Amino acid sequence: IIDEAQNIKNAARYPGIFKVIHQPNQGRSAARDTGIETATGEWIGFMDCDDEIMPDFMERMLACAARYSSDAEVNIIQYASKRYNLGGKLRSLVEIPAQEYIPYDRRFPGREYCWDKLYRKSFLDKYGIRFLPGYDLCEDVMFNIQALARAGGLLRVPYYGYKKYDYPTNGYSSRTSAQMRKAVEGYDLLEKKMKDEGVDCPYAFREIAVSRKEAQADVRHVGSPGRKVKYYFIHLFRPDETKTKAR
C-alpha cells in the first residue's frame, strides 16, 4: 500500500498481509514502480483504490497463474471485468467467452488497462518494464505497450472477479489539455526508449502512433465545462449493460 492515508491506516493492522511503504507523493507511476521493486511474489497485480474484487479473486487467479508457472510463453494473464457507472449500475463488461492466448498483433478489449491483469514479476524485471515516472495519464497504456511487445501476447481467462467503478472525477472528463500534452510527451519518450532498447515489435510502435494521435486530438477538447457535464451524464445514465467482445 503506497500513499492513500486511510488505506495505510487500515492495512497497518494486518502486517502479515500488507506491507506499508512510505514515500513522498510522486504520482501513480512512481508508486506502482516502487510496488514492483518491492514485491517478492511470482506475480504482480494492480488495483485502483476505488474498485472491488470478489472474495475468491486472489485464490482463483493465483491458482490459474500457478498452472502456468513453468510456461515461458505466459507472462501476462488478463481476466474478465465488469464496469459500473456512478449510479452503481452495470455499464459494460469485457467479455472473455473462453480461455485463449491472444497474440499482440491486434487491438482487443482491455489491452490498455493494468487493473485487469497479472504480470510475472521476473518477466518485468528481466526487461526492465516499468511505468514512466512523472507520467500519470495514459500510464496504463504506455506500460502495457512495453509489456505486450516483450511478451508477444497474453492469456485471457473467463473469470469476472474485478469490479471497476467509473466516476466523473476519475475518468475522461477530469483530464485537462495540459495533461494530454504531457501524455503526448510520454508517448514520444516511450517510443525512444523502446527503439533504444532494440524492441522488435512493429505493432507496438503502431499502437504508440495511434495512441499519440488520439492524445493530440484530445488536447484541444478535454477539460472544458461542457465536456465535464457531458461525461457526468454519460456515467450516470449510460445503459445498464453493454458487452464488449474481442474483434
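Everything below is about the structure printed above this text.
Draft legend 1. Expanded view of the pairing of strand E6 (residues 117-120). Of the two faces of E6, the one carrying Lys117 and Tyr119 and the one carrying Leu118 and Arg120 are both buried. As judged from the three bridges shared by strand E1 (residues 43-45) and E6, these two strands associate in the antiparallel manner. Directly across from glycine 45, in E6, lies its bridge partner leucine 118. In terms of strand pairing, strand E3 (residues 76-84) meets E6 through three bridges, oriented antiparallel. Within E6, the residue paired with isoleucine 76 across the bridge is tyrosine 119.

Draft legend 2. Examining helix H6 (residues 177-196) more closely. Here H6 contains 20 residues, and its C-alpha end-to-end distance of 29 Å stays within 8% of the 28 Å for a straight helix at 1.5 Å per residue. Taken together, the buried positions of H6 are Met180, Ala183, Val184, Gly186, Tyr187, Leu190, Glu191 and Met194. Down the axis of H6, the buried side of the element spans an arc of 155°, and every buried residue falls inside it. Across from the buried face of H6, at angles greater than 90 degrees, the exposed residues are Lys192 and Asp196. Looking at the buried residues of H6, the elements they touch are helix H5 (139-151) and helix H7 (202-218). Remark: glycine 198 follows H6 within two positions and exhibits a positive phi of approximately 75°.

Draft legend 3. Representation of unusual backbone geometry. Within the chain, cysteine 138 stands out as a residue other than glycine whose phi angle is a positive 65°. Residue position: cysteine 138 is located in the loop between helix H4 (121-127) and H5.

Draft legend 4. Inspection of the packing of H6 against H7 at higher detail. For the pair H6 and H7, interaxial distance at closest approach is 8 Å and the crossing angle is 165°. When the axis of H6 is compared with that of H7, the two are roughly antiparallel. Between H6 and H7 the crossing geometry is left-handed. Residues Met180, Val184, Tyr187, Asp188, Leu190, Glu191, Met194 and Lys195 of H6 lie in contact with H7, whose contacting residues are Ala204, Phe205, Ile208, Ser211, Arg212, Ala215, Gln216 and Asp218. Taken together, the residues of the contact of H6 with H7 break down into nine nonpolar, two polar and five charged.

Draft legend 5. Up close: the pairing of strand E7 (residues 153-165). Of all 13 residues in E7, 11 are buried; the element is thus mostly enclosed. Pairing analysis gives two bridges linking strand E2 (residues 52-53) to E7, with the strands arranged antiparallel. Across the sheet, residue glutamate 52 finds its bridge partner in E7, namely lysine 163. Pairing geometry for E3 and E7, over seven bridges, is parallel. Residue pairing for E7: arginine 83 is matched across the bridge by lysine 164. Alignment of strand E5 (residues 100-103) against E7, held across four bridges, turns out to be antiparallel. The partner of glutamate 100 across the bridge, within E7, is arginine 156.

What counts and how
- Residues numbered from 1 in each chain as written.
- Predicted model: local features only at pLDDT ≥ 70, side-chain atom pairs only at ≥ 80, totals over all residues.
- Heavy atoms only, no water.
- Buried < 20%, exposed > 50% of the residue type's maximum accessible area, 1.4 Å probe, protein only.
- Helix = DSSP H or I, 4+ residues; strand = E, 2+ residues; numbered from the N terminus.
- Pairing = 2+ DSSP bridges.
- Expected span 1.5 Å × (residues − 1).
- Arc of directions from axis to C-beta.
- Contact = heavy atoms within 4.5 Å.
- Axes fitted to C-alpha atoms, helices over the stretch in contact; angles between N-to-C directions.
- Parallel < 35°, antiparallel > 145°, perpendicular 65-115°, else oblique.
- Left-handed = near helix turned anticlockwise from the far one by under 90°.
- Nonpolar A, V, L, I, M, F, W, Y, C, P; charged D, E, K, R; others polar.

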